[in-house]
Amino acid sequence: IISNAARRHDAIIEELAILGIDRSLYHGVTSLGELIRLSMRRHETQTVRWKDYYLGPLGSRSLLNELEVNWVVQLENADFILNAGAIEGNPKDSSGYDVLLYTAYPLDLTMICANPDMIAVRVGELGISEGAIADRYRQLEASQIEFYGKPFFPIYQLPLALLGNPHHEIVLPIGDAYATDI
């Protein structure tokens, strides 16, 4: 199972069990949260510590547990932005992030987008996802945005390895979002 959720794979396995999907029904779980974690691990190993600004809900922040990353609370002190989505609530558009994005733009901050999805369904209501915030930043002609997750190939590397690295032309992903799954 491949998920664009900005959560660790163990949290997703627990969610699947709650939904009644038994662990015997799948080989493993690869999540966007694991890819982000690996990216943050690279920052830990650098001689010069990066200063990271976290944009997202507190619940998704658990993917960063046990990482020795230097988090800052002001954009002016950051080297890049980790975009993990809407800070709170379920906003219908990304305009609520304009002040933050207009502050980040002249600082030339790279944004790591923890999910390219544009929309999310929360408690039965449609709202924005990380991709919508990144798209708003891109409209400012931001210098660099790094996208993680489906449909980008790195999220498929671990599941393909678990399956013995079959040629990717014979693998059929099935999903619910045209932009990221099909």
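Scroll up a little and you will see the structure.
Everything numeric in this text was worked out from a predicted model, so none of it was measured.

**Focus on the overall build of the chain**
And step 1. Helix and strand counts for the chain stand at 6 helices and 9 strands.
And step 2. The C-alpha atoms of the chain give a radius of gyration of 17 Å, which matches the 16 Å a tight globule of 182 residues would have.
And step 3. Structurally, the chain occupies a C-alpha span of about 50 × 40 × 30 Å along its principal axes.
And step 4. Residue burial in the chain is summarised as follows: out of 182 residues, 43% are buried.
And step 5. Total accessible area on the chain stands at roughly 10,600 Å², and carbon and sulfur atoms take up 55% of it.

**Observations regarding the nonpolar core**
Burial of nonpolar side chains together is a common tendency in soluble globular proteins.
And step 1. Ranked by internal contacts, the top residues of the largest apolar core, which has 22 residues, are Tyr 53, Ile 81, Leu 101, Met 111 and Tyr 137.
And step 2. Elements supplying a minimum of two residues to this core: β3 (51-55), α3 (98-104), β6 (110-113) and α4 (130-139).
And step 3. Residue contributions to this core peak at 4 residues, all from α4.
And step 4. Every residue in contact with Ile 81, bar those within four places of it in the chain, is listed here: Tyr 53, Leu 55, Leu 75, Ala 104, Leu 109, Thr 110, Met 111 and Ile 112.
And step 5. By size, the runner-up hydrophobic cluster in this structure holds 18 residues, among which are Leu 35, Ile 36, Ala 114 and Tyr 148.

**Quick look at the layout of surface pockets**
And step 1. Computed from the structure, the largest pocket encloses a volume of approximately 1,100 Å³.
And step 2. Around the largest pocket sit 38 residues that line it, and Asn 4, Ala 5, Asn 115, Asp 117 and Ala 120 are the ones nearest its centre.
And step 3. Of all the elements, strand β7 (residues 119-122) adds the most residues to the lining of the largest pocket, at 4 residues.
And step 4. When the residues that make up the lining of the largest pocket are grouped by side-chain class, the tally is 19 nonpolar, 10 polar and 9 charged.
And step 5. Taken as a whole, the second largest pocket encloses approximately 420 Å³ of empty space.
And step 6. Taken together, 20 residues make up the lining of the second largest pocket; nearest its centre are Ile 1, Ile 2, Pro 159, Leu 163 and Val 171.
And step 7. Per-element accounting of the lining of the second largest pocket gives the leading share, 4 residues, to helix α5 (residues 154-162).

**Section: the packing of aromatic side chains**
And step 1. Using the criterion set out here, one finds 2 aromatic pairs in the structure.
And step 2. Ring geometry for Tyr 54 against Trp 71: centres 6.2 Å apart, planes inclined by 90°, an arrangement best described as edge-to-face. Taken together, the residues span a long stretch of sequence, with Tyr 54 in strand β3 and Trp 71 in strand β4 (residues 70-72) at a distance of 17 residues.

**Here's the deal with the environment of Ser 95**
And step 1. One can find Ser 95 in the loop between β5 (80-83) and α3.
And step 2. For the pair Ser 95 and Ile 133, spaced 38 residues apart in the sequence, the C-alpha separation amounts to 8.5 Å.
And step 3. Only 2.5 Å separates the side chain of Ser 95 from the side chain of Asp 93, close enough to count as a polar contact.

**Quick word on the sheet that holds β4**
And step 1. Taken together, the 5 strands give an open sheet; going across it, the order is β4-β3-β5-β6-β9, and neighbouring strands pair in parallel fashion. With one partner strand each, in any of the chains shown, β4 and β9 (145-147) form the two edges of the open sheet. Going across the sheet, the axis of each strand differs from the next one's by a mean of 30°, ignoring polarity.
And step 2. Of the strand pairs in this sheet, β5 and β6 are connected by 4 bridges, and their pairing is parallel. Across the sheet, the residue bridging to Ile 81 is Met 111, located in β6.
And step 3. Against the sheet, α4 touches β3, β5, β6 and β9, its axis set at about 160° to β6.

**Concerning the pattern of salt bridges**
And step 1. Scanning the model with the defined rule gives 5 salt bridges in all.
And step 2. Close ionic contact of Glu 15 with Arg 7 constitutes a salt bridge, the shortest N to O distance being 2.8 Å.

Criteria and cut-off values
- Residues numbered from 1 in each chain as written.
- Predicted model: local features only at pLDDT ≥ 70, side-chain atom pairs only at ≥ 80, totals over all residues.
- Heavy atoms only, no water.
- Helix = DSSP H or I, 4+ residues; strand = E, 2+ residues; numbered from the N terminus.
- Rg over C-alpha atoms; globule rule 2.2 N^0.38 Å.
- Buried < 20%, exposed > 50% of the residue type's maximum accessible area, 1.4 Å probe, protein only.
- Areas by Shrake-Rupley, 256 points an atom, 1.4 Å probe, with all protein chains shown as cover.
- Core = buried A, V, L, I, M, F, W, Y, C linked by side-chain atoms within 4.5 Å.
- Contact = heavy atoms within 4.5 Å.
- 1 Å grid on protein atoms, 1.4 Å probe; cavity = no way out; pocket = protein on both sides within 12 Å on 5 of 7 lines; lining within 4 Å.
- Points joined across faces, edges and corners; volume = space filled by probe spheres on them.
- Nonpolar A, V, L, I, M, F, W, Y, C, P; charged D, E, K, R; others polar.
- Phe/Tyr/Trp six-rings, centres within 6.5 Å; stacked < 30°, edge-to-face > 60°.
- Polar contact = N/O pair within 3.5 Å; in protein donor to acceptor, adjacent residues only side chain to side chain.
- Pairing = 2+ DSSP bridges.
- Axes fitted to C-alpha atoms, helices over the stretch in contact; angles between N-to-C directions.
- Salt bridge = Lys/Arg side-chain N within 4 Å of Asp/Glu carboxyl O.

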